[in-house]
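What follows is the residue order along each chain.
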Amino acid sequence: MKLLLHACCGPCSLEPVRLLQAAGHDIAIYYANSNIAPREEYAHRLATLEDWAKSEGIPVIEGPYDPATWEEAAGRIGDAALADVQAARRETQSATGEDASLRADVLSVDPARREARCRACYRLRLEETARVAAERGFDGIGTTLSVSPYQYTQVIEQEVRRAAKREGIEGVFEDFRPYYDEATRRSRALEMYRQNYCGCRISDEEAAAERAERKAQRAAAKQAERAEHAAEIAAAEAELKQHRAARAAYDKKQARKRAILKSLREQAKQEVSE
Ligand code: SF4
């Protein structure tokens, strides 16, 4: 089938393209990612994708970069969810006087509301992909998004099929997650740029918060390990001290015995000489 494959970046395209080509599809890539912020990051991911696709002879079509439309579709959902967390925190803070960080707020957002934001984000990009596919005579659309274990796979499937149906074309969905490790290995071997957040400004905050949390957990584990060893060392030192004290008492006793024996011997010698 003549397939327009929505791609989020180069590393995520490697395995889906290989597998879809092996299945007989004739592929062109569509880069529709108004979610990515900032613009420099968008451009960096596109350049990485284009370099690789050129080496493979796969055409890449760039969609319009329109962050304002993404904000309207998905960003506002994310902001509303965060605003609710912050409002709840402010209430708790005034009651308890406790402090909490923006980082903690980001990670406290209701998972269902995060999913709603991502669904809106997928919908925007996949509807655009389907519209362009229909205009340019493609038979169907697919996406590379489902290679990532950090995405909502089921939601992606629903949105691929929904977007394709709206345009009267095929929605080709495959769960590529089993190939994620291979995609990671290949992208490293190719020295491709690999980003550390999904794409939008909110995911950038989330990824930073998760990294900070992991770092704090590692530091706490290290400290606990150190404390555990400190207790072991203190116990060993106490045992040694006890052993030394017992040894000193024994030595003192032996010295006293030797002194008594010596004095008895000297006394006996004196008696003989008299
Ligand atoms: S986390 Fe990823 S999928 Fe979800 S809204 Fe942000 S860019 Fe879109």
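Structure first, text after, so check above.
Residues numbered from 1 in each chain as written. Predicted model: local features only at pLDDT ≥ 70, side-chain atom pairs only at ≥ 80, totals over all residues. Heavy atoms only, no water.

**Thoughts on the overall build of the protein**
Then step 1. Along the protein, the regular secondary structure elements total 8 helices and 5 strands.
Then step 2. Element order for the protein, N to C, with α for helix and β for strand: β-α-β-α-β-α-α-α-β-α-β-α-α.
Then step 3. For the protein, the C-alpha radius of gyration of 35 Å lies well beyond 19 Å, the compact-globule estimate for 274 residues.
Then step 4. Taken along the three principal axes of its C-alpha coordinates, the protein extends 135 × 55 × 30 Å.
Then step 5. Burial statistics for the protein: of 274 residues in total, 37% are counted as buried.
Then step 6. In the protein, 76% of the contacts between residues at least 6 apart in sequence involve partners at least 24 apart.
Then step 7. Counting only carbon and sulfur atoms, one obtains 51% of the accessible surface of the protein, whose full area is about 16400 Å². (Helix = DSSP H or I, 4+ residues; strand = E, 2+ residues; numbered from the N terminus. Rg over C-alpha atoms; globule rule 2.2 N^0.38 Å. Buried < 20%, exposed > 50% of the residue type's maximum accessible area, 1.4 Å probe, protein only. Contact = heavy atoms within 4.5 Å. Areas by Shrake-Rupley, 256 points an atom, 1.4 Å probe, with all protein chains shown as cover.)

**Here's the deal with helix α6 (residues 153–167)**
Then step 1. Taking 1.5 Å of rise per residue, 15 residues should cover 21 Å, and α6 covers 22 Å from first to last C-alpha, within 8% of that figure.
Then step 2. Buried within α6 are the following residues: T153, V155, I156, E159, V160, A163 and A164. For α6, the angular spread of the buried residues around the axis is 155°, confining them to a single face. Residues of α6 that are exposed and point over 90 degrees away from its buried face: Q154 and K165. (Expected span 1.5 Å × (residues − 1). Arc of directions from axis to C-beta.)

**Here we look at the nonpolar core**
Then step 1. Counting residues in each nonpolar core, the largest one holds 45 residues, and the members touching the most others are L4, I27, I29, W52, I58, Y122 and I141.
Then step 2. Contributions of two or more residues to this core are made by β1 (2–6), α1 (10–22), β2 (26–31), α2 (39–56), α5 (111–135) and α6.
Then step 3. Examining the composition of this core, we find that 6 residues originate from one element, α5, more than from any other.
Then step 4. Those residues in contact with W52 that sit more than four places away from it in its chain are S13, L14, V17, I29, I58, L190 and M192.
Then step 5. A74, A120, C121 and I202 belong to the second largest nonpolar core, which has 7 residues in total. (Core = buried A, V, L, I, M, F, W, Y, C linked by side-chain atoms within 4.5 Å.)

**Examining the packing of α5 against α6**
Then step 1. Contact geometry for α5 and α6: axes closest at 8 Å, N-to-C directions at 35°. Judged by the sense of rotation from one axis to the other, the crossing of α5 with α6 is right-handed. Side by side, α5 and α6 meet where E115, R119, Y122, R123, L126, E127, A130, R131 and A134 of the first sit next to V155, I156, Q158, E159, V160, R162, A163, A164, R166 and E167 of the second.
Then step 2. Here the contact of α5 with α6 is composed, by residue class, of 9 nonpolar, 1 polar and 9 charged. (Axes fitted to C-alpha atoms, helices over the stretch in contact; angles between N-to-C directions. Left-handed = near helix turned anticlockwise from the far one by under 90°. Nonpolar A, V, L, I, M, F, W, Y, C, P; charged D, E, K, R; others polar.)

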